[in-house]
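Next come the chains, spelled out residue by residue.
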Amino acid sequence: MNNRIVEIIDLKLELLLKGIKVEDSALSGVGTEYREEIHWLFEWDKAEHDRLSPAELIFENDMIVQIYENDDSKYSIKKENNHLILSKDNIELDFNVRYPKRPKLFSQKTSDGIPFQQIAAFRGVDCLSMSFSLYCKFWDTNQQCQFCNISTTKKMSEQKIMKQARWISEAISQAYMNGEINHFIITGGTFDNEVNWVKAIFDEIKKKTNKEYFPGSNCTITAPRTLDELKILSEL
């Protein structure tokens, strides 16, 4: 591994831990030319803004880091002469960075008119990410994971309903047709009958995409509680 890659990895870890202050100039084109952040599962940002935020930064070697906004961070990003400039303590760093382009999917809708950015988000350059629900039954009894902030994201995204299997399958199918993804991630909260709900989603995905296997993709749910549930998952 060459020294430049090590430097980029070190900086990526720093940005994940410390966050980035996003200057107003760096917001130009976000949500039109460049991909905006979608609050789809857990919440990162320390800063709260009533505006669109950039989703990720791409380094010169195509390594990607999610932007965690923190107005108190020593790292900041601004735009000058149509170029992004990453700084530390107001001193420009010698790293070329750019935003990912806004996907065509975010300008498209489901068959019943729901914008796809309300259904799915992107991670990296070729992965579609979706939460089928932000409801977790353990929050109702104060038994939630102590590190979890899924309810915070629920409030920010105003997502209060289960996403229909058809919406998810249409998002995945359209993203494949657009040539924008090679794999996808599906996850969500915790609720009763979760395994059968996931089966319905994958049945719709296979039907819509005319595919049986999705290499590199995954669906994260709670552990099956019975052998019958395990059998359902093994046949997906």
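Our subject is the structure that appears above.
Residues numbered from 1 in each chain as written. Predicted model: local features only at pLDDT ≥ 70, side-chain atom pairs only at ≥ 80, totals over all residues. Heavy atoms only, no water.

### Describing the environment of methionine 177
Now for step 1: Examined against the element boundaries, methionine 177 turns out to sit in helix 3 (residues 165–177).
Now for step 2: The exposed category is assigned to methionine 177, whose relative accessible area is 61%.
Now for step 3: Counting along the chain gives 10 residues from methionine 177 to tryptophan 167, while the straight-line C-alpha distance between them is 15 Å. (Helix = DSSP H or I, 4+ residues; strand = E, 2+ residues; numbered from the N terminus. Buried < 20%, exposed > 50% of the residue type's maximum accessible area, 1.4 Å probe, protein only.)

### Notes on the packing of aromatic side chains
Now for step 1: Tallying each qualifying case throughout the model produces five aromatic pairs.
Now for step 2: Ring plane angle 45 degrees and centroid distance 6.3 Å describe the contact between phenylalanine 184 and phenylalanine 202, whose orientation is recorded as tilted. Of this pair, phenylalanine 184 sits in strand 10 (residues 183–187) while phenylalanine 202 is found in helix 4 (residues 194–209), placing the two residues 18 residues apart along the sequence. Accessibility assignment for this pair places phenylalanine 184 and phenylalanine 202 in one class, buried.
Now for step 3: The interplanar angle of 65 degrees and the centroid separation of 5.2 Å between the aromatic rings of phenylalanine 184 and phenylalanine 214 together place this pair among those described as edge-to-face. Residue phenylalanine 184 is located in strand 10, and its partner phenylalanine 214 is located in the loop between helix 4 and strand 11 (218–219); the two are separated by 30 residues in the primary sequence. Pair check on accessibility: phenylalanine 184 and phenylalanine 214 agree, each one buried.
Now for step 4: Through a chain of ring-to-ring contacts, three or more aromatic side chains come together here, namely Phe184, Phe202 and Phe214.
Now for step 5: When the ring centre of phenylalanine 95 is taken as reference, the NZ or CZ atom of arginine 4 above it lies at 4.3 Å. (Phe/Tyr/Trp six-rings, centres within 6.5 Å; stacked < 30°, edge-to-face > 60°. Lys NZ or Arg CZ within 6 Å of the ring centre and 35° of its normal.)

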